[in-house]
Amino acid sequence: MRVVVDFDLCESNAVCMGIVPEVFEVRDDDFLYILQENPPEELRSKIEEAVRRCPKQAIAIED
Amino acid sequence: MDGRIVVAGASLAGLNAAETLRREGFTGELVVVDADPATPYDKPPLSKQVLAGTWEPEKIVLPAARPDAGLDLTWRLGQRAVGLDVAGRRLRLEGGDELAFDGLVIASGAAPRHLPGTDGIGGVHVLRTLADSLAIRGAVDAGASDVVVIGAGFIGAEAAATCRERGCTVTILEAAPVPFERSLGPRIGPLVADLHRDHGVDVRLGVRIDGLDSDPGRDGNPVTGVRLEGGEVVAADLVIVGIGVAPGVGWLEGAAGITLDNGVVTDATLLAAPGIVAAGDVARWPSARYGELLRIEHWENAIQMGEHAGRTLAAHLAGDADAALPYDPVPWFWSDMYDRKIQLAGRSGPDHDVEVVIGATEERRFVALYGRAGRVEGVLGWNRPRHVMQLRSLVDTPTPWSDGIEQARALA
Ligand SMILES: Cc1cc2nc3c(=O)[nH]c(=O)nc-3n(C[C@H](O)[C@H](O)[C@H](O)COP(=O)(O)OP(=O)(O)OC[C@H]3O[C@@H](n4cnc5c(N)ncnc54)[C@H](O)[C@@H]3O)c2cc1C
Ligand code: SF4
């Protein structure tokens, strides 16, 4: 599983960080960082939740 | 699980319920009804990017309505539900069609209040649908330059900011003497008005509207001004009415077996009647967290509540009512104006204590905690997404007020 964020859409609101802090982190510079681009399978359902809750529909999972 | 489920309202709550029902293994027919003929879309951009002209409508189509969604939904768009027979399990549509169902999701959202006495006057808009947003955008494209926003709520304030950024002269008229007091309290609320003033918006508080002036001699009887009590007229060629919304329950009036009280009242699991769930802006449920009936008009709630209602309905249809769980989230809201992002986890209001814990209000980049009864109830951020997210847990699990302040300050 690969996590991809469309950084043209992302507005750094940190919603994804609230759901999967293991993968998404908004830092003090207000940019979103992906901590693991290929996260383990057990995080899939949480990442899917982040995909649904991202207000900008900026996150995608590529299998 | 098969049979037929009808979803009344093809927006955020309804479509998330539909997606969840498929995920939960519902293989029967899923019929989605909506009065709005447009391909179902997301609403927050309507006062932001769509109004600004930077996003086209294709960009806001909801995931469940995309061609590749694969949810096998039967669409009935442009068709309004006008009646419900709870015992007979039938939904009546405008035009006379009836849909029998085994399960129903009520997700008819909320509809804007209109200003009385404005019928027949051109250039007066509410902002709720894609058509509304495109109409306002079109008016600005066509040269409207004197915009008056009636009501300082978040949607009106966002529309004011977007119109201002497009170069219009903008006036906000608000009846309350303190802006955003009900939502953000007397300390933080006025900062929103200051933000607008700094961008050149004329924010008038404590004003009462007497009526609209228009020019019947011109095509469409366009608005020319907003008359205030006392006689002053504020020039206007575009009026945006943002005086709040009411739950979309007109079609349920008189439906025996459904309780209406400022929305569709459900039980803690979101069941409104046997085989009928409700979710989103229309639904009011008993929150154990807050010990009262809540109806929330926020984007994230519509998603979460739609999903939850879908799970509850799936449990009932599978004959396993005990699997339906109580719904009890922490509310989450954001609003964008100019270059500021306001985010709120939990609750904030005029009766809360307020403590600015990170940054300073003068910088317009800060975090404030809202507390009541010795506990943290809300975390509000202005351009502080990281800290709001880190402090959200202070609201998720009840935290004493002084501990919350200490923990928050430690992050600064
Ligand atoms: C301009 C705007 C900006 C917003 N910005 C934000 C924001 O920044 N942050 C935030 O948290 N929230 C925001 N919101 C609120 C958020 O969009 C709503 O909470 C959310 O859309 C609620 O979803 P819903 O599905 O419950 O209802 P709605 O989106 O209201 O959808 C209800 C649907 O039901 C349909 N319907 C109603 N009656 C009938 C009937 N009788 N028969 C058939 N269909 C019917 C309607 O046509 C509509 O499609 C904004 C809303 C608007 C309008
Ligand atoms: S939720 Fe979406 S918009 Fe927000 S930070 Fe994550 S990817 Fe960006």
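Everything below is about the structure shown above.
Residues numbered from 1 in each chain as written. Chains lettered and ligands numbered in written order. Predicted model: local features only at pLDDT ≥ 70, side-chain atom pairs only at ≥ 80, totals over all residues. Heavy atoms only, no water.

Asker: Whenever I open this one, the interface of chain B and chain A confuses me. Can you help?
Answerer: Accessible area lost during the coming together of the parts is what is often quoted as the interface size. Between chain B and chain A, the residue contacts involve 28 residues of the former and 19 residues of the latter. Counting the surface lost from both chain B and chain A, the interface buries some 1,800 Å², and carbon and sulfur atoms represent 50% of this. Remark: the boundary between chain B and chain A carries 5 salt bridges. We note a salt bridge from A:Asp28 to B:Arg386, for which the minimum N-O separation is 3.3 Å. At the boundary of chain B with chain A, the tally comes to 6 residue pairs in polar contact (both at pLDDT 80 or more). (Contact = heavy atoms within 4.5 Å. Buried area = accessible area lost by both parts, 1.4 Å probe. Salt bridge = Lys/Arg side-chain N within 4 Å of Asp/Glu carboxyl O. Polar contact = N/O pair within 3.5 Å; in protein donor to acceptor, adjacent residues only side chain to side chain.)

Asker: Is there a simple way to think about helix 6 (residues 299-317) of chain B in this case?
Answerer: Along an α-helix, residues three or four apart share an orientation, since each turn contains 3.6 residues. Residues and elements named next belong to chain B. With 19 residues, helix 6 should reach 27 Å at 1.5 Å per residue; the first-to-last C-alpha distance of 27 Å fits that figure. Of all the 19 residues making up helix 6, 16 are buried; the element is thus mostly covered by neighbouring parts of the structure. Count one or two residues on from helix 6 and you reach Gly319, which has phi positive near 75°. (Helix = DSSP H or I, 4+ residues; strand = E, 2+ residues; numbered from the N terminus. Expected span 1.5 Å × (residues − 1). Buried < 20%, exposed > 50% of the residue type's maximum accessible area, 1.4 Å probe, protein only.)

Asker: How should I be thinking about the sheet that holds strand 25 (residues 340-346) of chain B in this particular structure?
Answerer: Think of a sheet as strands paired side by side through backbone hydrogen bonds, with each pair either parallel or antiparallel. Residue and element names in this part refer to chain B. A sheet is described by the order of its strands in space; here 5 strands give the open sequence 24-25-28-27-26, paired in antiparallel fashion. Of all the strands in the sheet, the pair left with one neighbour each is strand 24 (332-337) and strand 26 (353-360). When the angles between neighbouring strand axes are averaged without regard to direction, this sheet yields 15°. Alignment of strand 24 against strand 25, held across 6 bridges, turns out to be antiparallel. (Pairing = 2+ DSSP bridges. Axes fitted to C-alpha atoms, helices over the stretch in contact; angles between N-to-C directions.)

Asker: Would you mind showing me how to read the site of ligand 2 here?
Answerer: The local shell around ligand 2 consists of A:Cys10, A:Glu11, A:Ser12, A:Asn13, A:Ala14, A:Val15, A:Cys16, A:Leu32, A:Cys54 and A:Ile59. In a pocket analysis with a 2 Å cut-off to the grid points, ligand 2 is assigned to the largest cavity. (Near = heavy atom within 4 Å. 1 Å grid on protein atoms, 1.4 Å probe; cavity = no way out; pocket = protein on both sides within 12 Å on 5 of 7 lines; lining within 4 Å. Sits in = over half its atoms within 2 Å of the grid points.)

Asker: Teacher, can you tell me more about the site of ligand 1 here?
Answerer: Residue and element names in this part refer to chain B. What surrounds ligand 1 is a group of 32 residues, the closest being Ser11, Asp34, Lys43, Lys48 and Arg128. Here an oxygen atom of ligand 1 and a side-chain polar atom of Asp281 are 2.8 Å apart. Protein coverage of the free-state accessible area of ligand 1, which is 990 Å², stands at 93%. Elements supplying a minimum of two residues to the shell around ligand 1: helix 1 (12-23), helix 4 (154-165), helix 6 and strand 24. (Areas by Shrake-Rupley, 256 points an atom, 1.4 Å probe, with all protein chains shown as cover.)

Asker: Just to check I follow, could you spell out the sheet that holds strand 7 (residues 103-106) of chain B for this structure?
Answerer: Residues and elements named next belong to chain B. Strand order across the open sheet formed by 6 strands is 3-2-1-7-21-20, with mixed pairing between neighbours. Since the sheet does not close on itself, it has two edges, and those belong to strand 3 (73-77) and strand 20 (271-273), each with one partner. On average, adjacent strands in this sheet sit at an angle of 25° to one another, irrespective of strand direction. By the bridge criterion, 5 bridges tie strand 2 (residues 29-34) to strand 3 in an arrangement that is parallel. The residue bridging Asp34 from the neighbouring strand is Leu77, located in strand 3. Against the sheet, helix 1 engages strand 1 (4-8), strand 2, strand 3 and strand 7, with an angle of about 175° to strand 2. Relative to the sheet, helix 6 contacts strand 1, strand 7, strand 20 and strand 21 (276-278), its axis offset from that of strand 21 by approximately 170°.

By themselves these figures say nothing about function.
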